[in-house]
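Residues per chain, in single letters:
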Amino acid sequence: MLHELLLSLLGYTGDLVLDHNLSSNGHHPISGQCTFKLASDISFIDSSQRDVIEKIITLGFYYRELDRFATKSRNLIWIRFGNESSVKNQSVYRRAIANGLVEVLSIYRSAVLHIEQKLLSDPLPILATVTLSLNKFFVLLPPLYELILEIERNGISGGKLLNLLHKRCHCGVPELQTCIQRLLWHGHQVMYNQLASWMVYGILHDQYGEFFICEQEGDSVRESSSQTTMAERLARMSVDDGSLSDWHLGFHISRDMLPEYIPMHIAESVLFAGKAIRVLRNPSSAFRSVDAGHKKLMGDELLPQSEADKIESMLINLKESSEFHKRSFVGAVDSIRAIAASHLWQLVVVRADLNGHLKAIKDYFLLAKGDFFQTFLEESRQLMRLPPRQSTAEADLMVPFRLAVTKTISNDDKYFSRVTLRMPAMGTNIKSSKVDASKPKYADGDSSLSSDTSLEMSLDGWDGIALEYSVDWPLQLFFTQDVLSRYCRIFQYLLRLKRTQMELEKSWESVMQQDHSNFSKRHIERVNGSTSQQRRQCFRPMWRIREHMAFLIRNLQFYIQVDVIESQWNVLQTHIQESRDFAELVEFHQEYLSALISQSFLDIGSVSRILDGIMKLCLQFCWKMENQETDTSTYELERITEEFNKKSNSLYTILRSSRLAGSQRAPFLRRFLLRLNFNSYFEQTAQGVMNVIRPSPAIPPLQR
């Protein structure tokens, strides 16, 4: 009876102890309740002894189930047969926990063996001795059994398994807490090995998808990349998608596998550090360092072996600790991230000449090279007076573009070769042309409405002019598709603004030249000057509204170029000089771009729409003024004047509101408003404009 009882404690049943689970074998799930029962036909055991034995043999059941779980989790025979279904059910973390269970079970087996030796050498009371010797296992084996039962039934693995163990550690039984902490230590060994592979070598070693850093699936990448705007597609032309996949779309954090005791910002640091190490260890074969005489660099030069050894030693120290200390883990991850960010900063900022490329983008995307764009707009002025042809618009623009390059860009500009002018494919709705002055006009206004529509559609066609900037490795990490598309959006806005300003100046220049020519002609022919004076009197209201337009556009352009772009550029340059962290630099640049967009009102729909309308009205007005020699109708000029007054005063009313002028999103907005309203003109005329349209002074018809 003694040996049968001891064998039952090790999971082996017989005549004394029976297993009521008929399907109990290694290939079936873990039993949900204890199935070991004392045989009912034993008559020489009284009820009190039966109760004690029934309690003792439950340890044998728990031992058997724990041993089956450990054997199943540690079984690697599937590798020999290559069974795919077996691969899906494997877990490195379960295998590690199973190794910890084997340690606990070995202590239990030693205790049973010690009981046998003790009872054979000294005739002691059997049940009392067994109960006393195995008493501590009554607080260990049942909770461990419940643990593996939950693991098996819910299919828990990876970070979820670490979460479960971490929660079970918080109990009031010191022995059980120590036991589960040992199991958690085994699980952390796997996590530290994965961290070392990721943060030292940049390799994601996660065969079964259990690490909290995981690889992006190809279908998700394709689905997200398919939903892009035209500006984003233009930006994508400037970068190599293949080299970007790892950094931007290749890896992400799996929240399901992230242990709850590891903060999200630490997981993001782990993700960043691993991606940075991948970049540093795998440089592009075409990359040439600026500070190394344009020679080819190897991965060991970008990340010295001493730094890699330093990272590895920090992870080894964490791995050798008997317990997981959050403060030590956070400190080590932050240190590793700082090392990776510093070397990535050295690569992008110093070796790849980031500041030179930022200056080039400022010159061309933010119109800092004003002489170049002034020349380009002057050379393309006549072309842009006509609607763009869908098939040849880009080729047509290349002629004035190359002329502007020849006149203003020197051969020493090594960055201009990366800039390309683009004209995206237009929709089929852009097919109208500028109003022909020779066509008849009708007093009912319908034709005026259609002519206004044709002017707007013609303008919208040339609004699509964009720039493409070619970016090489590793600057693709900094100038992402989103960044280039935002630069392109700002460029299109600034180019339209500059074009509007130029048209207003050219219209004034054209009218004045014509006026001087007429004056000289009349002076030579000694013609009566009363007609000339009357003619000037008729044009005076048009000159006044043109000056109002030019005043608003000039001040808006000055505000954006000086108060916004230059001030934010100086802030960015200060950050570049002071920072040595690549991630911080990316964040500063994002703040710089956001400030440009917000302080230029591109993110405020109401203001942006008003500015668009003002620029369209200005262009329409310029074309009407130049056509006034042959156009006797002044209805369009009156309508444009009225609309401009309404929109300009609405703009002033919105910008001077406390919500904008009093906020920090536009710190120099008050200067802009002061320049606009230096003589209180806007403030006086803005009253009631939002709700009431006042009749504008009629422009007298031309007297011939």
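Counting from 1, residues in each chain are numbered in the order their sequence is written. Where totals are concerned, whole chains, interfaces and linings use all residues; where local detail is concerned, this predicted model gives features only for residues with pLDDT of at least 70, and gives and counts side-chain atom pairs only at 80 or more. Computation of side-chain values: all heavy atoms of the structure, hydrogens and water removed.

1. A few points about the overall build of the chain
Put simply, DSSP H or I for four residues or longer makes a helix, DSSP E for two residues or longer makes a strand, and each gets a number counted from the N terminus. Each helix and strand counted, the chain has 29 helices and six strands in total. Expressed as a percentage of its 704 residues, the buried residues of the chain come to 50%. By definition in these notes, contact holds between two residues if any of their heavy atoms fall within 4.5 Å. In the chain, once contacts between residues fewer than 6 apart in sequence are set aside, the share between residues at least 24 apart is 79%. In the structure as shown, the chain presents an accessible area of about 34500 Å², 51% of it carried by carbon and sulfur atoms. Type-normalised accessible area, obtained with a 1.4 Å probe on protein chains alone, sets the label of each residue: buried when under 20%, exposed when over 50%, and partly exposed for intermediate values. A 1.4 Å probe and the Shrake-Rupley method give the accessible areas. Residues count as covered only by the protein chains that appear here.

2. A closer look at the side chain of Ser-8
When you line up the elements, Ser-8 lands in helix α1 (residues 2-9). Whenever a nitrogen or oxygen atom comes within 3.5 Å of another N or O atom, the pair is scored as a polar contact, on the condition that within protein one atom can donate a hydrogen and the other can accept it, and that pairs from neighbouring residues in sequence are kept only if both atoms are in side chains. A distance of 2.5 Å separates a polar atom in the side chain of Ser-8 from the backbone oxygen of Leu-5.

3. Remarks on the confidence of the model for the chain
Detailed reading of predicted coordinates is not advised where the pLDDT is low. In predicted models, pLDDT denotes the confidence assigned by the predictor to each residue on a 0 to 100 scale. Here the chain shows a mean pLDDT of 79. Residues at 70 or above account for 77%. Within the model, pLDDT remains below 50 along residues 427-459, and this stretch shows 39 contacts once partners closer than five positions in the same chain are excluded. Confidence over residues 688-704 falls short of pLDDT 50; this stretch has 35 contacts with residues more than four positions distant or in other chains.

4. Things to note about the side chain of Ser-380
Here Ser-380 is to be found in the loop between α18 (370-379) and α19 (381-384). Setting aside its immediate chain neighbours within four residues, Ser-380 contacts Leu-397 and Pro-400.

5. Observations concerning the pattern of salt bridges
For salt bridges, the criterion is a side-chain nitrogen of Lys or Arg within 4 Å of an Asp or Glu carboxyl oxygen. Applying the stated rule across the entire model yields 23 salt bridges. Its salt-bridge partner being Asp-563, residue Arg-675 comes within 3.0 Å of it at the nearest N-O pair. Of this pair, Arg-675 sits in helix α28 (residues 669-676) while Asp-563 sits in helix α23 (residues 530-578), and the two are 112 residues apart along the sequence. Judged by relative accessible area, which is 4%, Asp-563 ranks as buried. Salt bridges sharing common partners tie together Arg-64, Glu-65 and Arg-68.

6. What about the environment of Pro-667?
If you trace the backbone, Pro-667 turns up in the loop between α27 (658-661) and α28. Judged by relative accessible area, Pro-667 falls into the partly exposed class, the value being 43%. Residues Pro-667 and Asp-563 lie 104 residues apart in sequence; the distance between their C-alpha atoms is 8.9 Å.

7. Comments concerning helix α15 (residues 305-320)
If you check α15, its first and last C-alpha atoms are 22 Å apart, about what 16 residues at 1.5 Å a residue would give, namely 22 Å. Inspection of α15 places Ala-308, Ile-311, Met-314, Leu-315 and Leu-318 among the buried residues, and these make up the whole buried set. The buried residues of α15 all sit within an arc of 125° when viewed along its axis, so they share a single face. Those residues of α15 that are exposed and aimed more than 90 degrees away from the buried face are Ser-306, Asn-317 and Glu-320. Against the buried residues of α15 lie α9 (174-201), α13 (264-281) and α16 (326-351). The span one expects for a helix is its residue count, reduced by one, times 1.5 Å. When we speak of the arc, we mean the arc of directions from the helix axis to the C-beta atoms.

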